[in-house]
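Working through the structure, step by step
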Amino acid sequence: MDRFSVFCRTEAGDRMMAEPKGSGDRLTRSVLEAVDGFSTVGELVTRLKDGKSVQRALTELERAGLIETLDARMARVAEQEARWLRGDEAPARVEPREIAPSGPLAAEPSPSAADKRKQSAENRRLERALGSGSQASIFDKIRVFFATLGHRAVSGGGKGGDKIRRGLIVIVALLVVGGIGAAVAALAWQASTLRQRVEQDAAAWLGEPVKVGRVGVAFHPWPVFELGDIQIGEGGTSRIDRAFGGPDWFRWVTSQPQRLHVALKGGSLQPSLLARLSGLDTPGRVWRLKEIQVDEMSVPVGKTVLTDLAGSFVFSGDGKWESARLKPKEPAVTYELLVQDGGILASVIAPEWKYGETKLDNVLISGRMGLSGMDDAQFSANWLGGAIKGVVSLDLLSRVAVKGQFKLDALNFDQLVALMGTPALVSGRVSGPMAMSAEVDNLEDLANASKWVGSFSVADGSINRIDLVEAMRRSGNAPISGGVTRFNIMEGAVVREPAKGVRVEIRRLDAGALSASGRIQVDAEGVVRGALRSEVKTPVERIVRLFSVEGTLKTMQLRPQGE
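On a predicted model such as this, the values are computed, not experimentally measured, just so you know.

Rules behind the numbers
Residues numbered from 1 in each chain as written. Predicted model: local features only at pLDDT ≥ 70, side-chain atom pairs only at ≥ 80, totals over all residues. Heavy atoms only, no water. Axes fitted to C-alpha atoms, helices over the stretch in contact; angles between N-to-C directions. Helix = DSSP H or I, 4+ residues; strand = E, 2+ residues; numbered from the N terminus. Parallel < 35°, antiparallel > 145°, perpendicular 65-115°, else oblique. Left-handed = near helix turned anticlockwise from the far one by under 90°. Contact = heavy atoms within 4.5 Å. Nonpolar A, V, L, I, M, F, W, Y, C, P; charged D, E, K, R; others polar. Salt bridge = Lys/Arg side-chain N within 4 Å of Asp/Glu carboxyl O. Buried < 20%, exposed > 50% of the residue type's maximum accessible area, 1.4 Å probe, protein only. Phe/Tyr/Trp six-rings, centres within 6.5 Å; stacked < 30°, edge-to-face > 60°. Core = buried A, V, L, I, M, F, W, Y, C linked by side-chain atoms within 4.5 Å.

So, about the packing of helix H1 (residues 11–18) against helix H2 (residues 26–34). At their nearest, the axes of H1 and H2 sit 11 Å apart, and the two run at 120 degrees to each other. As judged from the angle between their axes, H1 and H2 are oblique. The hand of the H1/H2 crossing is left-handed. Residue-level inspection shows Gly 13, Met 16 and Met 17 of H1 in contact with H2, the latter providing Arg 29, Leu 32 and Glu 33. For the contact of H1 with H2, a count of residues per class yields 3 nonpolar, 1 polar and 2 charged.

Below is the structure:
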């Protein structure tokens, strides 16, 4: 229940008050007596010192028709007056009565002491109510005033009120239409000279020629200037299909530098234009950019073209470019640009990125943006159940050239070897530094054309299709195939080159009493060649044997070469 509501007694409530005090519930009777048409619910609760019971009693009294809110009474009276004005119902006629003659015989009897006390109490209560608003605050009075005004404006007044409301609607509509018409007229009046001003101001600011094909007025969604076929630079290297923008009316009227919101739709922006924009000062005293919204925009970075970009360029208070955030329709990638020390710090954020048959999750590339790529950008991603971090350089001038230094952290070795185009020879989690380089025509071919060189360390893994322990037990020169060699740690180096296969150097392999080292090469056809040196140490002896590795990845075998 609203604590600012005001209740008053109905005729039924007054009749109940005339009944003996013994009738009805005591609390309900007390609440009914306290309702005076001036006190709010909060004042009644404070006076009777029982919040929940008082509100419950008020609800029951209102449901029984003994009290009603002041708003309900005003609405009922307004409706009654409306019916009288329409002639639907005539007010009750009061019969005239004779005026009693004046004189000593017609004098009214003097009031008793009880009547005087009652009249004095009622006068004091009325004075207090009129003077202090039943102890209501100024905010309560304002709230009641606007609530009453809103009721009368929305639903009160009968037919006269309906006419007033229809008139107000017409006036508001005329004001809106007139304001829009005035704005369109003002813009059309300036459009005749806008092309020349935009070409001059933009060319002076950018330091490159600017040409505007057409100028007009459009709704976007309100009346604004529309500029079309904008070409920037010699030969129009950067172009904008459509641009929308309007004056900052308040600053225009007050002769202040205008902060403009501009929308660009369609076109192509060269990285050279963005690089020039990052080092420009404020455009001037007449106008300054606040934000540029772009849609269906493309940015060619070398051979790669970022298409269907949408987002915004944000400018500082003095009109300098600060940052940009752009997203293509597909794939789910975000490009963030931050102006820093006269250059552009670019970040590429992707929830996932496909690399061969695998996916990198939470990809982040951040570095200095050049005209054709990024140099020494920081790279991080989740990959193959682990993580990969490092530094990468991208050159997209003629082809897609990638170079990077990475650190692998607990990657799944099975999936990594499968990515290199070979069946899983080693199982486990691999870590270590790696260098990667590739040069391809399309990013989709990057995995197959990548060259990897680096060191590795695999903990708690296994070598599949080779059982060195069984090979050490056997005697003779018969080839040995099949089985698994489980180890605690294996360290070494790996080189993977496109169309040449993989070369693995095992520098250290520990499997309890067994240790091994050697080299294995797998060519592009899956043919395996190599040599291993295996050693077993026991408390009583030390056995060393040499093996050659031959066959294919599916039929790999060890051939003893002697001790």
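A complete count under the given rule lists 27 salt bridges for this structure. Glu 497 is paired through a salt bridge with Lys 451; the nearest N and O atoms lie 3.8 Å apart. Remark: Lys 451 occurs in strand E17 (residues 451–464) and Glu 497 occurs in strand E19 (residues 484–497); sequence separation between them is 46 residues. A relative accessible area of 16% means that Glu 497 is categorised as buried. Looking at Lys 451, the relative accessible area reads 31%, which means it is partly exposed. A salt bridge links Glu 535 to Lys 537; the nearest nitrogen and oxygen atoms lie 3.9 Å apart. Each of the salt bridges in this network shares a partner with another, and the network as a whole consists of Lys 303, Arg 399, Glu 439 and Asp 441.

Taken as a whole, this structure holds 7 aromatic pairs when the rule is applied. Measuring from ring centre to ring centre gives 5.8 Å for Tyr 355 and Trp 383, while their planes differ by 85 degrees; the resulting arrangement is edge-to-face. Residue Tyr 355 is found in strand E11 (residues 343–355), and its partner Trp 383 is found in strand E13 (residues 373–383); the two are separated by 28 residues along the sequence. For Trp 383, a relative accessible area of 3% translates into the label buried. Taking 6.2 Å as the distance between ring centres and 70 degrees as the angle between the ring planes, the aromatic pair formed by Phe 413 and Phe 456 counts as edge-to-face.

With that settled, consider the nonpolar core. Counting 97 residues, the largest nonpolar core has Phe 313, Phe 379 and Trp 383 as the members making the most contacts within it. The leading source of residues in this core is strand E7 (residues 287–301), at 7 residues. In terms of nonpolar packing, the next biggest core, distinct from the first, is built from 14 residues, Val 31, Leu 32, Ala 34 and Leu 66 among them.

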